[in-house]
Amino acid sequence: MTTLLIHTVLPIHIVAGGVGLVSGAAALVATKGARLHRKSGMLFVCAMVALALTGGGMAALQGDELTACVGVLTAYLVTTALV
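Chemist: Please set out the packing of helix 2 (residues 35-61) against helix 3 (residues 65-82) residue by residue, giving values where relevant.
Modeler: How two helices sit against one another is set out by the angle between their axes and by the gap between those axes. Running from N to C, helix 2 and helix 3 cross one another at 165°; their axes reach a closest spacing of 7 Å. Between helix 2 and helix 3, the angle is such that the two are roughly antiparallel. Pair helix 2 / helix 3 crosses with left-handed handedness. Each of M42, V45, M48, V49, A52, L53, G56, A59 and A60 in helix 2 lies in contact with helix 3, whose residues at this interface are T67, A68, G71, T74, A75, V78, T79 and L82.

Chemist: Before we move on, could you go through the side chain of S23 and cite the residues and values that matter?
Modeler: By the secondary structure assignment, S23 is in helix 1 (residues 2-29). We classify S23 as buried; its relative accessible area is 4%. Aside from chain neighbours lying at most four places away, what touches S23 is S40, L43 and F44.

Chemist: Could you give me a rundown of the packing of helix 1 against helix 2, with the residues and numbers involved?
Modeler: Interhelical geometry of helix 1 versus helix 2 gives an angle of 155° and a closest axis separation of 7 Å. One finds that helix 1 runs roughly antiparallel with respect to helix 2. Of the two elements, helix 1 crosses helix 2, and the hand of that crossing is left-handed. Its residues assigned to classes, the contact of helix 1 with helix 2 shows 16 nonpolar, eleven polar and no charged.

Chemist: Could you give me a rundown of helix 2, with the residues and numbers involved?
Modeler: The terminal C-alpha atoms of helix 2, which comprises 27 residues, lie 39 Å apart, in line with the 39 Å expected from a rise of 1.5 Å per residue. Looking only at helix 2, the buried set comprises S40, V45, A47, A52, T54, G55, G56, M58 and A59. Where helix 2 is buried, its residues contact helix 1 and helix 3. Where helix 2 terminates, the next one or two residues include G63, which has phi positive at roughly 85°.

The rules behind the values
Residues numbered from 1 in each chain as written. Predicted model: local features only at pLDDT ≥ 70, side-chain atom pairs only at ≥ 80, totals over all residues. Heavy atoms only, no water. Axes fitted to C-alpha atoms, helices over the stretch in contact; angles between N-to-C directions. Helix = DSSP H or I, 4+ residues; strand = E, 2+ residues; numbered from the N terminus. Parallel < 35°, antiparallel > 145°, perpendicular 65-115°, else oblique. Left-handed = near helix turned anticlockwise from the far one by under 90°. Contact = heavy atoms within 4.5 Å. Buried < 20%, exposed > 50% of the residue type's maximum accessible area, 1.4 Å probe, protein only. Nonpolar A, V, L, I, M, F, W, Y, C, P; charged D, E, K, R; others polar. Expected span 1.5 Å × (residues − 1).

This is the structure in structure tokens:
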């Protein structure tokens, strides 16, 4: 059951990582405050939260408590940085 759940979540984790890389690069290149910067930055935040939560969830399912806590902490820090 755990392996099936991890295989289901892993593609979401991988796609979120790719989206995070592309949108983060776009946010860095765009002029600060421009529409592209704001939109790509928001997409980056969403991708990072998805990445952190899926990674933390998979770690928790495998019994790696430290990595699971780091995933939740990362999601928290990214969210509060946005605010």
